[in-house]
Amino acid sequence: MSVVWSPTPTAASVDASPARGLLHAWRSLSWREAGWFMLLGGLLGGMNLVALADPSIRTSDARVLIAETVGPMACSLLLMLVWLPADRSATDSPLRLQRLALAVLVATLLSALLVPMLLRVLDLPTAMELAYRHKDKAPPAWLAMFLADSLATLIPSSLAVAVLEMAGRHRRSERAVSNALAEHARLARATLESRLAAMQAQVEPGLLFDVLVDIERLYGTDAGSAAPADRSAAVAQMDRLITYLRVALPKLREAGSTIAAEVDLLSSYLDLVQGMHDGLPRFVARVPDELSGITFHPMLLLPLVQRALRCEATLPREIELEALVRGECLCLVLTIAAPALCDDDNELQRLRERLQVLYAGRASLRCEDLPLPTHCTGGATEATSNADPMRITRFTLELPR
């Protein structure tokens, strides 16, 4: 029967030598395990001391008290030394229970054999010997004493090892479940990142159609009839479309992104929109250099911007993005000069669910409908015609660094 040794119950063996494996097993003893065996020895010793209250055994000889304390502690120590190699063997082995049972049996026999010898060497009489002496009877034969001591040690040793094994299996089960959940979360994040990258790399059919229609309108039905200014605008819009495609399409092969890459994507996206709406909305990004390279998941900012661009009648005049650090959090503040974007609809709910998966519940999205700052009031009166021009929407993404 081959035994695989390991320094911990779940680690694979790295040592083929039984002697070195035994040393590794003993060195892996934890304080909790040592305390458990000391507690076992203390409980058995306490039970022996209670038995000394019997009038036929009662004595003032301190050596008997020492013997009834040292004996159980020595048995617990032997059990611990024999149990450790069996416990550190492969946890998934079908022979594990047999090894533990064999370890208990070997420890029991060693205790019944060695502990009485130790007490005789130390000249420590036991309570049983004292009881026979008081009754003027000869002690039982050695074999009978050996069997009696073996049975007295076997039951508590088996219970102690069973409790340890059940606790170990419980810990291993919890660890396996935790690892499985962590792996599931990792795969879910990887899958979601890939899906979001693919979504972000796709050009919205509506936007693409509008851009192409705008280019066709600028060129005119007859390329020769188009005014030079219109042809120049059409070329500029075509350049913007090409730039956007160059930024977006490579993300099909990427699972993640950075803040700088997301800013580039937003800028190229809004360039297309500006080309069709006389330069609106203006886009301003303030991202410090030390934050631009931080890993950032795709499809977190673009949906928020797209919310503000759905209705041409309420197109915002300006969109600002600011990245900053607050304590242990990275904050991205997206300010849009448009009101009423905080409706808790399915789109915002899906975005919060993405944050939950991607950042394991450590990220948050906050939306605020705020009054327009005083110094911007003059420009804001021209922002919209059907919405309240005196309010802005501020999205705040708080992410772990």
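Residues numbered from 1 in each chain as written. Predicted model: local features only at pLDDT ≥ 70, side-chain atom pairs only at ≥ 80, totals over all residues. Heavy atoms only, no water.

Each helix and strand in the protein was counted, giving 13 helices and seven strands. The buried share among the 401 residues of the protein stands at 37%. Taking the contacts inside the protein whose residues are at least 6 apart along the sequence as the reference set, 74% of them involve residues at least 24 apart. Total accessible area on the protein is roughly 22100 Å²; 61% of this is exposed by carbon and sulfur atoms. (Helix = DSSP H or I, 4+ residues; strand = E, 2+ residues; numbered from the N terminus. Buried < 20%, exposed > 50% of the residue type's maximum accessible area, 1.4 Å probe, protein only. Contact = heavy atoms within 4.5 Å. Areas by Shrake-Rupley, 256 points an atom, 1.4 Å probe, with all protein chains shown as cover.)

Moving on to the packing of aromatic side chains. Applying the stated criterion across every chain yields a total of two aromatic pairs. With a centroid separation of 5.3 Å and an interplanar angle of 55°, the aromatic rings of F37 and W83 are classed as tilted. Within this pair, whereas F37 is found in helix α2 (residues 31–51), its partner W83 is found in helix α3 (residues 62–87), the two being separated by 46 residues in sequence. Like W83, F37 is buried. Between W142 and F146 the ring centres are 5.3 Å apart and the planes differ by 20°, which places this aromatic pair in the stacked class. (Phe/Tyr/Trp six-rings, centres within 6.5 Å; stacked < 30°, edge-to-face > 60°.)

This next bit is on a nonpolar patch on the surface. Side chains of L113, L114, M117, W142, L143 and L147 sit close together on the surface and give an oily, nonpolar patch of about 590 Å² of accessible area. Of all elements in the fold, only α4 (96–121) and α6 (142–201) reach the threshold of two or more residues within the nonpolar patch. Note that M117 resides in helix α4. Note on M117: relative accessible area 41%, which makes it partly exposed. (Patch = residues over 30% accessible without salt bridge, like charges linked within 9 Å, V, L, I, M, F, W, Y side chains within 5 Å. Salt bridge = Lys/Arg side-chain N within 4 Å of Asp/Glu carboxyl O.)

With that out of the way, let us pick up the sheet that holds strand β2 (residues 282–286). Strand order in the open sheet made by the five strands is β2-β4-β5-β7-β6, with mixed pairing throughout. In this open sheet, the two strands that pair with only one neighbour each are β2 and β6 (364–371). The mean inter-strand angle of the sheet, taken between neighbouring strand axes irrespective of direction, is 15°. Relative to strand β7 (residues 391–400), β6 runs antiparallel, the two being bridged by eight bridges. What sits directly across from P371, in β7, is R391. Along the sheet, helix α9 (residues 259–276) contacts β2, β4 (318–326) and β5 (329–336); its crossing angle with β2, the most-contacted strand, is approximately 170°. Helix α12 (residues 346–358) rests against β6 and β7 of the sheet, and its axis sits at about 140° to β6. (Pairing = 2+ DSSP bridges. Axes fitted to C-alpha atoms, helices over the stretch in contact; angles between N-to-C directions.)

Turning our attention to the environment of A25. Turning to its location among the elements, A25 is positioned in helix α1 (residues 18–27). Note on A25: relative accessible area 0%, which makes it buried. For A25, the residues in contact, after removing those within four places along its chain, are L84, P85 and R88.

Here we take up the pattern of salt bridges. One pass over the structure, following the stated rule, counts 13 salt bridges. Of the charged contacts, one joins E320 and R286 as a salt bridge, the two residues approaching to 3.1 Å between their closest N and O atoms. With a gap of 34 residues between them, E320 in strand β4 and R286 in strand β2 connect regions that are remote in the sequence. Between R391 and D369 there is a salt bridge, and its shortest N-O distance comes to 3.4 Å. A residue pair is termed long-range when its members are at least 10 positions apart, and R391 in strand β7 and D369 in strand β6 qualify at 22 residues. We classify R391 as partly exposed; its relative accessible area is 28%.

Looking now at α9. In an α-helix there are 3.6 residues to a turn, and that puts residues three or four apart on one side. Its 18 residues give α9 an end-to-end C-alpha distance of 26 Å, which sits within 8% of 26 Å, the value for a rise of 1.5 Å per residue. For α9, the full list of buried residues reads I259, E262, V263, L265, L266, S268, Y269, L270, L272, V273 and Q274. Directly after α9, the chain includes D278, whose backbone phi takes a positive value near 55°. (Expected span 1.5 Å × (residues − 1).)

Below, the discussion takes up the pairing of β7. Summarising the sheet, β5 and β7 pair through eight bridges and their orientation is antiparallel. Paired with C331 across the strands is E398, a residue of β7.

Across the protein, the average pLDDT comes to 78, with 76% of residues at 70 or higher. Long-range and interchain partners of residues 1–15, a stretch whose pLDDT sits below 50, account for 36 contacts in this model, where long-range means more than four residues apart. Across residues 377–387, confidence stays below pLDDT 50; counting only partners more than four residues off in sequence or on other chains, it has 19 contacts. (pLDDT = per-residue confidence, 0-100.)

Let's shift gears to the state of the cysteines. Note: disulfide means a covalent bond formed between the sulfur atoms of two cysteine side chains. The tally for this structure, following the rule as stated, stands at one disulfide. The thiol sulfur of C329 is not disulfide-bonded, and the nearest other cysteine sulfur, from C331, lies at 5.9 Å. With a relative accessible area of 26%, C329 lands in the partly exposed category. (Disulfide = S-S within 2.5 Å.)

Looking now at the nonpolar core. F296, F395 and L397 are the most contacted members of the largest nonpolar core, which totals 43 residues. Mapped by element, the contributors of at least two residues to this core are α8 (228–248), α9, α11 (302–308), β4, β5, α12, β6 and β7. If you look at the next biggest cluster of nonpolar residues, it comprises 14 residues, including L79, V104, A107 and L164. (Core = buried A, V, L, I, M, F, W, Y, C linked by side-chain atoms within 4.5 Å.)

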